[in-house]
Amino acid sequence: MGLYILRRIGMGCVMLVALSMLVFALLRLAPGDPVDAYIDPSAPMSPAELAATRARLGLDQPIPVQYLAWMKQVLAGDLGYSLQRNHEPVARLIAERVGPTLLLMGSGLLVAIVIGVSAGILAGVNRGRVIDVGLSLPAFVGISSPAFLTALVGLFVFSVNLGWAPSGGMRTPGLAPTTGDLLRHLALPALLLSIGHAALIMRYMRASLIEVLNQDYVRTARSKGVRERWVIVKHAVRNALLPVVTLIGSTLGAAVGGAIFIESVFNWPGMGLMLINAVENRDYPVIMASTLVVGACVLAANILTDLAYAVVDPRIKIA
Amino acid sequence: MAGLHRTRLLALALGTALASLAAAPTFAQTKTVISGGFDVGPGGFQGNFNPMSASAGFTWLSTYYEPLIVYDAKLEKIAPALATSWQVSPDKLTYTFKLAADAKWHDGKPFTSADVKFTLGLAKDAKSGSVFGARLNAVKDVETPDAQTAVIKLSAPNAGLMDTLTKLMMLPAHQLSAIPVDALAKHEWWSKTPVGTGPFKWVKYETDQYVELAANADYRGGKPKVDGLVNRYFKTTATAAAALKSGEIQVSYVEADDAKTFAGNNAFRVVEGDSYVVNYLGFNGDAPLWKDERVRKAVLYAIDRNAIIASLFGGAAKPANCGYVADHLVPSGIEPYAYSPDKAKALLKEAGWDQINGAKPITLLSYYTAPQQVNIMAAMQAMLAQVGINIVPKAVDVATYNGTVYAATPDWTQYPVVYAGIQIGPDPSGINVAINEKQIPPAGGNVARVRDAGVTSALDAALAETDDNKLASRYQDVCKAMNKSVPWGTMWVAKRYGVVSTKAKDLVWLPAPAGGPYDQKAQNWSVTP
């Protein structure tokens, strides 16, 4: 088990390095010059100033040399300084934003799991009945709706029209931070983030449960006179959860993408909003470090998902 | 018994949680606060707190900082701010400002002429990150005969000086002089502990969320009527409009389409105003394509500006036949370049367009990426294709645009023509930096490398004019020169919109270029529950 975890962490590190190389190369090869971010249209730089800036940033070096210099800096624990945010250390910026993003994503996924699994069980058990159709229809809508559309429609309906939730931000300006205020601001974006995932989980759970309910051991349990509710809860649901756990793990990457949209619509001060601002402003140190941190989080979540298999299904031995 | 106890505890916890959720809005109402998207839209500058590097965002900045002088609320005349009066010498080389004797910084120290000298010194020093350096080149010295008098001496008349001074927020020498000049631009002072003289004072910046200000009880214009101001940040104008509708904010810039959704709603007041920004096709002076004046004129004749204004601006724009559209700056008798594809074709034929370029694609570079502007470029592309000019719009981010047009060794093939905008008011001299031959980068912002002797000499004469009565006539000459030789294909000046909640009383908000500043009298703003 311990060896397996170490092996997975090692593989994760290799993937992170590959990811950082890819993002670094893409940023450098994208149209335009990184030094553009330093040019103020109202105060144009002279050619000498441009050259000096380029040399100071190491942008006059070949791309592989630039990458190695950046990696050396990162390994020393220095993620660099933001170009746009008063030269604040990137590590500090990320530390401030990881929490809100994890809170939003965690809440969204939790809601998605609770709704998706419950609805999936209900639909699976009542296959072909009104309740199944009634749950499947919104699930299809949820799966088909992109995060930005869901976010905007949700904002319009629940915040503008119904006034049930604030239209954005993480806390009410001027108020001392309270859990209640945080929950008021969190509820709508988390719910909207959960919709697509809940719908997907519901469909997987339904299909998996239907398959399990037709297995011999379920028939045996029924024939032994075990109560139907107990058959479903004890014998069917637990086994049906296995593919759903796989799904939850594999949708974490999509959840990050969804969180970026939700954060920008609701001005949620997380990694997604910071990443979008950094891309718009060509804040290369922030883009690189954010990608690395988000990638590390997704990889860590995937490892945890693998470990969760063993908990859900004792037949699986991790070694 | 134990079960009952657990149930009660659970009920108590649930009740507390619900109460805290419900209590939040009630607590929020104990202070009178005006919230707004003050930095939303083209007049705003979210995340910038340094007024010396501000190219916009002056509506908000001027709630806690103040300039010496400011435009009135109609953006027509210069009004007092920290300077109560001023005199300009007949030769326009000496500007004497009398300062408000009772003006104080938020830390209680008096505002004096030493602060004026300090601020102008910083603003002229490129090392401070100031964007005002080029506009203050003519400032030779600032004399301080006494604490309430500042005398600005110029080396040459500069018709744009007063306009520049409306945007130059005064800074406290006693707070900033200890910070090295080259460390000032990105110093945390601006976003942690700034000190101004305005009606509101700094409380905090919640990163990417909002900025909070509190009433300055010692403000010389009277204690503000509300306890505080909040500047909410929004990623898009649509979400700001949603916050307006849900009642969370009381004022914001909105897009023209959003403005229509507020029209007729008694809970809101829609504010319409001039953008004071002329959009133009900047023909690259280095590109051989446009050397023949007839080609440039053909472009204007080929574009049906009235149709674009009607369909894509909803009528909320005015066609521009030179850099200006204000009646007093546009002389009579200039060519209107009314839509005429036949005339365009004839001019192109005369000029030998087939030999010059023919149907080869011509990149139209722009930093406008909003859907409306992208549609406008597509419309222009279709109209120009009708006469045989094959432009290909390329909308890029501002950094890429700047990198291309400000390149040390510019490559005209990367941007043979640009679609851009330049501020033309309230002070008409703003256009100088973008079209005067002497302003070709790195000296200034003439990124299209226009080398038009007629326009340059007309602008030089206008900037050096010392007789206020002749100023409008000088700018008419600029208009005439631009209209005659068409160094730019000037398109239109659009309207801009904002929405103010009717709960906010006496809130003066204008969709001013760069956010003003203008005499908004923020101390008089109030809000009803």
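Here we summarise the structure given alongside this text.

Criteria and thresholds
Residues numbered from 1 in each chain as written. Chains lettered and ligands numbered in written order. Predicted model: local features only at pLDDT ≥ 70, side-chain atom pairs only at ≥ 80, totals over all residues. Heavy atoms only, no water. Helix = DSSP H or I, 4+ residues; strand = E, 2+ residues; numbered from the N terminus. Buried < 20%, exposed > 50% of the residue type's maximum accessible area, 1.4 Å probe, protein only. Phe/Tyr/Trp six-rings, centres within 6.5 Å; stacked < 30°, edge-to-face > 60°. Lys NZ or Arg CZ within 6 Å of the ring centre and 35° of its normal. Disulfide = S-S within 2.5 Å. Axes fitted to C-alpha atoms, helices over the stretch in contact; angles between N-to-C directions. Parallel < 35°, antiparallel > 145°, perpendicular 65-115°, else oblique. Left-handed = near helix turned anticlockwise from the far one by under 90°. Contact = heavy atoms within 4.5 Å. Nonpolar A, V, L, I, M, F, W, Y, C, P; charged D, E, K, R; others polar. Expected span 1.5 Å × (residues − 1).

The next subject is the overall build of chain A. Within chain A, the regular secondary structure consists of 12 helices and zero strands. Going residue by residue from the N terminus, the α and β elements of chain A occur as α-α-α-α-α-α-α-α-α-α-α-α. When the backbone C-alpha atoms are referred to their principal axes, chain A occupies close to 85 × 55 × 35 Å. Per-residue burial over chain A gives 46% buried out of 319 residues.

It is worth spelling out the packing of aromatic side chains at this point. All names here are of chain B. Applying the stated criterion across every chain, the model contains 25 aromatic pairs over all chains. Taking 5.6 Å as the distance between ring centres and 55° as the angle between the ring planes, the aromatic pair formed by Y64 and W202 counts as tilted. Note that Y64 is positioned in helix α2 (residues 58-64) and W202 in strand β8 (residues 200-206), a separation of 138 residues in sequence. Of the aromatic side chains, those joined through ring pairs into one cluster are F38, F49, W60, Y64, Y65, W202, Y205, Y233 and W525. The ring of F262 has K245 sitting right over it, with the charged end atom 5.0 Å from the ring centre.

Let us now look at the state of the cysteines. Residue and element names in this part refer to chain B. Evaluated as defined, the whole model comprises one disulfide over all chains. Two residues share a disulfide in this structure: C322 and C479, whose sulfurs sit 2.0 Å from each other. Since a negative S-S torsion denotes a left-handed disulfide, the C322-C479 link at about -95° is left-handed. A residue pair is termed long-range when its members are at least 10 positions apart, and C322 in the loop between β13 (317-319) and α12 (341-351) and C479 in helix α18 (residues 468-485) qualify at 157 residues.

Residues and elements named next belong to chain A. Packing of helix α7 (residues 179-213) against helix α9 (residues 228-250) leaves a shortest axis separation of 8 Å and a crossing angle of 135°. With respect to their mutual orientation, α7 and α9 come out oblique. Classified by chirality, the crossing of α9 by α7 is right-handed. In this structure, α7 contributes L200, I201, Y204, M205, S208, L209, V212 and L213 to the contact, and α9 contributes I232, H235, A236, V237, N239, A240, L241, P243, V244, L247 and I248. Here the contact of α7 with α9 is built from residues that sort into 16 nonpolar, three polar and no charged.

A few words now on helix α3 (residues 113-124) of chain B. Residue and element names in this part refer to chain B. Between its terminal C-alpha atoms α3 stretches 17 Å, which fits the 16 Å expected from 12 residues at 1.5 Å a residue. Burial in α3 covers these residues: S113, D115, V116, F118, T119, L120, L122 and A123. Packing partners of the buried residues in α3 comprise β5 (94-99), β6 (139-146), β7 (149-154), α4 (161-167), α5 (173-176) and α6 (181-184).

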